[in-house]
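Chain residues, written in single-letter form:
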Amino acid sequence: MTERKRNGNKKEAERLEQDIGRYQDIIGLPHPVSKKHPQMSLRDRAAQFAPFAALSGHGEIIRQTEKSHVGEDIERVEYEGEI
């Protein structure tokens, strides 16, 4: 390991120790639970981060178009093979 890398790792370790020290008063406290709002289900939480389809039905149209073009390509190959 080079001297520069060693010094960088040492500085990083010191910085982490300082950060942990700043939050020592809250580390280990229980997670707060709201008395007003019910806890959201895992399914609903996951849905917030799931990608959404900006154009509903767009994927189905792509699949239909792909199927029709694949069919055209197969017909063309069969036709060209007969010549």
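Bear in mind that the values here come from a model prediction, so they are computed numbers and not experimental data.

**Regarding the overall build of the chain**
- Of the regular secondary structure elements, the chain holds three helices and zero strands.
- Reading the chain from its N end, one meets helices and strands in the order α-α-α.
- In the chain, buried positions account for 0% of the 83 residues.
- With the model as given, the accessible surface of the chain reaches about 8,700 Å², and the carbon-plus-sulfur share is 57%.

**Comments concerning the pattern of salt bridges**
- Within this structure, the stated rule accounts for four salt bridges.
- Note that Arg-63 is salt-bridged to Glu-60, the shortest N-O span being 3.4 Å. Here Arg-63 pairs with Glu-60, and both are found in helix α3 (residues 58-82), just three residues apart, close to one helical turn.
- Residue classification places Arg-63 among the partly exposed positions, given a relative accessible area of 45%.
- Each of Glu-12, Arg-15, Asp-19 and Arg-22 takes part in salt bridges that share partners, so that together they form one network.

**Side note on the confidence of the model for the chain**
- Averaged over the chain, the pLDDT score is 78; the fraction of residues at 70 or greater is 72%.
- For the chain, α3 is the element with the lowest average pLDDT, namely 72, and helix α2 (residues 42-49) is the one with the highest, namely 87.

**Brief notes about the environment of Met-40**
- Take Met-40: it is sitting in the loop between α1 (3-22) and α2.
- When its relative accessible area of 39% is taken as the criterion, Met-40 is described as partly exposed.
- If we ignore the near neighbours within four places in the chain, the residues touching Met-40 are Arg-45 and Gln-48.

Here is what the cut-offs are and how they apply
- Residues numbered from 1 in each chain as written.
- Predicted model: local features only at pLDDT ≥ 70, side-chain atom pairs only at ≥ 80, totals over all residues.
- Heavy atoms only, no water.
- Helix = DSSP H or I, 4+ residues; strand = E, 2+ residues; numbered from the N terminus.
- Buried < 20%, exposed > 50% of the residue type's maximum accessible area, 1.4 Å probe, protein only.
- Areas by Shrake-Rupley, 256 points an atom, 1.4 Å probe, with all protein chains shown as cover.
- Salt bridge = Lys/Arg side-chain N within 4 Å of Asp/Glu carboxyl O.
- pLDDT = per-residue confidence, 0-100.
- Contact = heavy atoms within 4.5 Å.

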